[in-house]
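So you can see what is in the structure, the chains are spelled out below.
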Amino acid sequence: MIDRGEGAWVYDEHGQGYIDATSGLWCASLGFSQERLARAAYDQMSRLGYYHTQAHYTHPMGARLAERLVEMAPVPMSKALFQCSGSEANDVAIKLVWHYHTILGKPEKRKIIGRQMGYHGSTCASISASGKPDMHRDFGVPLQDFLHVSMPHYYRFHEDGESEEDYSARLAEELENLILAEGPETIGGFIAEPVLGAGGAVPPPEGYFARVQDILHKYDILFIVDEVICGFARTGEMWGSTTYDLKPDMLSCAKALSAGMAPISAVLVNDRIFDALLVQAGRVGHFAHSATYCAHPVAAAVANEVLDIYEEMDVVARARETGAYMQALAEREAGRAIVGDVRGVGMLCAIELTGDKATRTPLPEIDRMAEFIAERGRAHGLLLRAIGPTLAFAPPLNSNREDVDEIFTRLGRVLDDVELALA
Ligand code: PLP
């Protein structure tokens, strides 16, 4: 039971402190408590604690946030649509793929391609676009019209002697073959995280997205970039799209948008999509998608304050600097027999554990081992996120070197324990 937090640390109900290596669920980008955000929420609740954004209404906090997001977008965007979570943002983006092609007279162009181990949320459409077998099993999902291609995980899946570029070319060929087999006239959209987060903190291999984008362009397939983890400096640029030169038609973001302190997400849409919304609005009087808490003014006020803080602290420079320090500390573990791969970008990194460095096979009995690692982490005052054989690190963006030292000193003790247990 986590009772309170300060900086990158959280404290349980007995007062025991733990440093959280992944900002909770990759979201507490300014740590686990912030007076300034509390004040922003209080002020907004005192002035206008609720209003909706249905049928032509809006409020200053939502309008201001939308303007700021459009202005800071990695590619020219037209509008921002707000929801409460990353899952809902991706659901809206998927609905907009369907809507867009329908408006253009191609309602059959509705299949969505995601990637194995991609994660886009837990709602019916977003989990269908995700490629997480454990979250599909027993739910009757993925729904019809959702397809998946291989995840781009070079370390785990490249063939002997295959370069990153060659591996990317192989995956691009798989994507194109799937599109051709299904019929390009049936494929509406492709969704991807710049860096696979919950799938194992995996940055894309060299050349991957350039090839993928060429294919999407060739077959008129809309590109949804899921920036729910990568957005707001996590990759050492404001957007993962900037880091990897992605040109999304729609971009979803959440988590660090409000530093995890209020439930709010956004989908940025380009002119192409917005023009299609106007067509429907012309027919029924407004764009017929809404929810009670869309653009909630209190969450929007918190998000606006978060963006102010990011500007003041120069969050991109800070993430780059502390991120480089973190990557160097992670690299120091590469010599261990159980460490197969160390990878990362910006303030996001991963250590993948292996049972055999030569064959790159994951650490044996990984489920039991992941539990052991989490337990040893807690014993050493460190909350760790194990994704199969991978340990992911994404501390708050305002962490300093001391915080990062704390994480990696404690991690060293955990890895010593793992080595001892395997000896
Ligand atoms: N997209 C990505 C990349 C995520 O990592 C997550 C959550 O971890 C989501 C979407 C879903 O966001 P939420 O949990 O806010 O619904």
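Residues numbered from 1 in each chain as written. Predicted model: local features only at pLDDT ≥ 70, side-chain atom pairs only at ≥ 80, totals over all residues.

- In the annotation of an unreviewed UniProt entry, the entry for the chain reads Class III aminotransferase, and the organism field reads Celeribacter indicus.
- The Sequence similarities (unreviewed entry) comment attached to the chain in UniProt states, word for word, "Belongs to the class-III pyridoxal-phosphate-dependent aminotransferase family."
- Taken directly from UniProt, the Cofactor (unreviewed entry) text for the chain runs: "pyridoxal 5'-phosphate". (UniProt positions renumbered as here; feature names shortened; annotations may be inferred.)

1. Some words on the environment of C84
Part 1 of the reasoning: Looking at where C84 falls in the secondary structure, it is placed in the loop between β4 (79-83) and α4 (86-103).
Part 2 of the reasoning: Considered as a pair, C84 and S265 are 181 residues apart in the sequence and their alpha carbons are 5.2 Å apart.
Part 3 of the reasoning: When near neighbours in sequence (up to four residues on either side) are disregarded, C84 contacts P263, I264, S265 and Y293. (Helix = DSSP H or I, 4+ residues; strand = E, 2+ residues; numbered from the N terminus. Contact = placed C-beta atoms within 7 Å.)

2. So, the sheet that holds strand β5 (residues 111-115)
Strand pairing in a sheet is mediated by backbone hydrogen bonds. Such pairs are either parallel or antiparallel.
Part 1 of the reasoning: One open sheet holds the seven strands; their spatial order is β4-β10-β9-β8-β7-β5-β6, and the pairing between them is mixed. Either end of the sheet is taken by a strand with one partner, and the two such strands are β4 and β6 (146-149). Neighbour-to-neighbour, the strand axes of the sheet open up by a mean angle of 20°, direction not taken into account.
Part 2 of the reasoning: Here four bridges tie β5 to β6, and the two strands are oriented parallel to one another. Residue pairing in the sheet places I112 in a bridge with F146 of β6.
Part 3 of the reasoning: The sheet strands contacting α4 are β4, β5, β7 (187-192), β8 (222-226), β9 (250-253) and β10 (265-269), and the helix crosses β10 at an angle near 25°. (Pairing = 2+ DSSP bridges. Axes fitted to C-alpha atoms, helices over the stretch in contact; angles between N-to-C directions.)

3. Let's talk about the sheet that holds strand β3 (residues 17-20)
Part 1 of the reasoning: Spatially, the four strands line up as an open sheet ordered β1-β2-β3-β14, and their pairing is mixed. Of all strands in the sheet, those bounded by a partner on one side alone are β1 (2-6) and β14 (382-383).
Part 2 of the reasoning: Where β1 lies against strand β2 (residues 9-12), four bridges are found, and the strand directions are antiparallel. Following the sheet pairing, G5 is matched in β2 by V10.

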